[in-house]
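# Chain and residue survey
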Amino acid sequence: MNQPFSVPFQHPFTPDKNYTKSVAYFSMEFALDQALKTYSGGLGFLAGSHMKSVYGLRQNLTGVGMLWKYGYYDQGRKRDNSMEPQFHEKIYHFLTDTGINFQIPILGKQVWVRAYYLSPEVFKSAPMFFLTTDVDGNDEQARSISYSLYDADVTMKVAQCMVLGIGGAKLLDELKYQPDIYHFNEAHAISAAFYLYQKYKKLPELKKRMVFTTHTPEEAGNEKHDINFLENLGFFSGLKMDVVRKITGIKDNTFNHSLAALRLSKKANGVSRLHGEVSRQMWKSYPGICEITHITNAQNNAYWVDETLEKARIGKDSEAISIRKKELKSILFKTVADQCGKIFDPNVLTIVWARRFAAYKRPDILTWDVERFKKLLDNKDMPIQIIWAGKPYPKDEGAINTFNHLFYLSHYFDNMAVLTGYELSLSKLLKDGSDVWLNTPVVTREASGTSGMTAAMNASINLSTYDGWICEFAKDGENSFIVPVAEGDDINKTDCDNFFDLIENKVLPTYYNDRKEWERITLNSMNDVNEPFNSDRMAREYYEKLY
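Below, the structure is looked at part by part. Being a predicted model, the structure only gives us computed values, none of them experimental. (Residues numbered from 1 in each chain as written. Predicted model: local features only at pLDDT ≥ 70, side-chain atom pairs only at ≥ 80, totals over all residues. Heavy atoms only, no water.)

## Points about the nonpolar core
Counting 112 residues, the largest nonpolar core has Ile190, Phe236, Phe255 and Phe373 as the members making the most contacts within it. The element that contributes the greatest number of residues to this core is helix α4 (residues 154-174), accounting for 11 residues. With residues up to four places along the chain from it excluded, the contact list for Phe255 reads Ile190, Phe194, Glu223, Lys224, His225, Ile227, Leu230, Phe235, Phe236, Thr248, Ile250 and Ala260. Counting 33 residues, the second-largest nonpolar core is a separate cluster that includes Val23, Leu32, Leu118 and Ala298. (Core = buried A, V, L, I, M, F, W, Y, C linked by side-chain atoms within 4.5 Å. Buried < 20%, exposed > 50% of the residue type's maximum accessible area, 1.4 Å probe, protein only. Helix = DSSP H or I, 4+ residues; strand = E, 2+ residues; numbered from the N terminus. Contact = heavy atoms within 4.5 Å.)

Structure below.
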């Protein structure tokens, strides 16, 4: 098979003088475009924006990811309209088969891996390599490693991490490409460290090349496995167990992926200022870990921002923002009508809750007080429309039940909609078409969260708990509406009450009775999010602070 680009691989950009150090960026998911289903949610949105800023800034960085045959999943509906995860094969003619095939040992057998290439010009991103095991020569078990992002089977999920980590590192060797830095976005690719240790032989030689981004705000959320289970899978690339224990400092049989990454990297970062503090606190009792700084997550302006809104922001033209916002709401409401059979009004205040469905994000918090929720939706003097969207993990029955509960509840209200298919395109429509972006996580549980950034870029005001990136952005009543941090025994009830208080007493009256104030807060929000939460700033900081 002819290789479409020569080996050794040469980065297609002439890098900007500030970004000449070569970096390989490993991530389990990338959200680059609606057409490429290699993502599930926030981690992918973040990585995708980062790759777009690499393109814009001309940085010497190459992305390494996985080519998921069925993507994450397609969010369909059953006959009764309850949610159903569906798995359809994805075929991409815009990816180039590199002709590079190689084997790595997984599960006691040699597994073939093939690499596909995404040229930077296709989606205006960094150059990207995507790995698949869906290759002739593999048995069905080996082929299925790259079928679905985040396989529910523990053995298969670790095998996926090995293809990304060991496979990604070996691909770079096959390409005869030696990056100065290996950057692991989350610990999924940590198996690469053991492959690289065999190459560089000494721990300092490995550490000077490795950096790590952690996204998990709780110790319990960090992935752990039995070390002997991992060894049997081939996770350590044949390294003797005493060497693995020596370089990772792991003395018992529990291999903590994030802890290993922190001990094998020269530097690590949390993904917001608060998350950096939480991470340092969480890991400080563990000896031998690297310095943990913070680089706050961000999103790519060029991809997400509506041009007409941006022009109006620069011209401080609140009337133009208001006119454009109604146009964008009308576009979103076509999707509402199509999916739900409901006609929404662009003149009515519209609140959107849209992101991954997970218990700590509390998507259904407004429905916990049934009487108040009903009163809010039945308010004729100051009407409201509320839209929910988002994908739960396909095996998270609790989150799927929450999604379905909201959907069934929506049958009772003409002004409540629950949408399926939350991917990049729908996400963009919702951010463009919302007046208020509702963000409801339990405080300290959200490492960063990024959906509210792109909503704010498109003239939507954040209504949120005080957590993650919001702590660096929000000025209550100036650029956002923030509920006070809940204290006491029942923080769920306190937060629920506080959200209703804010919506009833501040958000609705301002929207309907004080347009000047609404426009002032909207413009402040757009201005305050513009530079600090643009991924160009983030991509710059990775070079300055981490690489």
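What follows picks up the thread again.
## Thoughts on the pairing of strand β4 (residues 83-86)
Sheet topology places strand β3 (residues 74-77) next to β4; four bridges connect them, and they run antiparallel. Across the sheet, residue Arg77 finds its bridge partner in β4, namely Met83. From the end of β3 to the start of β4, which pair antiparallel, there are five residues, and Asn81 there has a positive phi angle of about 75°. (Pairing = 2+ DSSP bridges.)

## Focus on the side chain of Ser434
Here Ser434 lies in the loop between α16 (424-433) and β17 (436-439). The class of Ser434 is buried, set by a relative accessible area of 0%. Within the structure, the side chain of Ser434 is placed 3.0 Å from the backbone oxygen of Leu430, a separation counted as a polar contact. Polar side-chain contacts of Ser434 include one of 3.5 Å to the backbone oxygen of Lys431. With sequence-adjacent residues up to four places away left out, Ser434 is seen in contact with Lys325, Thr350, Val352, Ala459 and Ser460. (Polar contact = N/O pair within 3.5 Å; in protein donor to acceptor, adjacent residues only side chain to side chain.)

## Structural notes on helix α8 (residues 241-248)
All of the buried residues in α8 are Met241, Val244, Ile247 and Thr248. Buried residues of α8, viewed axially, fall in a sector of 135°; they line one side. Residues of α8 that are exposed and angled more than 90 degrees away from the buried face: Asp242 and Lys246. (Arc of directions from axis to C-beta.)

## Focus on the layout of surface pockets
Empty space left among the atoms is revealed by rolling a probe the size of a water molecule over them. Taken as a whole, the second largest pocket encloses approximately 290 Å³ of empty space. In this structure, the second largest pocket is lined by 13 residues; those nearest its centre are Leu67, Lys90, Tyr116, Thr132 and Asp134. (1 Å grid on protein atoms, 1.4 Å probe; cavity = no way out; pocket = protein on both sides within 12 Å on 5 of 7 lines; lining within 4 Å. Points joined across faces, edges and corners; volume = space filled by probe spheres on them.)

## Some thoughts on helix α5 (residues 191-200)
The buried fraction of α5 amounts to eight of the 10 residues, a majority that puts the element mostly inside the structure. When α5 is considered as a whole, its buried residues turn out to be Ser191, Ala192, Ala193, Phe194, Tyr195, Leu196, Tyr197 and Tyr200. Lys201 occupies a position one or two residues after α5 and carries a positive phi of about 70°.

## Focus: empty space enclosed by the protein
Scanning the model with the defined rule gives three cavities of 30 Å³ or more in all. Lining the largest cavity we find 14 residues, and of these Ser322, Lys325, Asp435, Arg515 and Trp518 sit closest to its centre. At the level of elements, α13 (318-340) and α20 (515-530) are the ones that each hand at least two residues to the lining of the largest cavity. Broken down by element, the residue count for the lining of the largest cavity peaks at six residues, all from α13. When its residues are assigned to classes, the lining of the largest cavity shows five nonpolar, three polar and six charged. The volume enclosed by the second largest cavity comes to roughly 60 Å³. Around the second largest cavity sit Lys37, Tyr39, Gly71, Tyr72, Tyr73, Asp74, Lys90, Lys391 and Glu423, which together line it. Among the residues forming the lining of the second largest cavity, the class breakdown is three nonpolar, one polar and five charged. (Nonpolar A, V, L, I, M, F, W, Y, C, P; charged D, E, K, R; others polar.)

## Description of the sheet that holds strand β15 (residues 384-389)
Within the open sheet, the six strands sit side by side as β16-β15-β14-β17-β18-β19. Their pairing is parallel. Of all the strands in the sheet, just β16 (416-419) and β19 (480-482) have a single pairing partner and so form its edges. For this sheet, the mean inter-axis angle between neighbouring strands, taken without regard to orientation, is 20°. Relative to β17, strand β14 (residues 349-354) runs parallel, the two sharing two bridges. Paired with Val352 across the bridge in β17 is Trp437. (Axes fitted to C-alpha atoms, helices over the stretch in contact; angles between N-to-C directions.)

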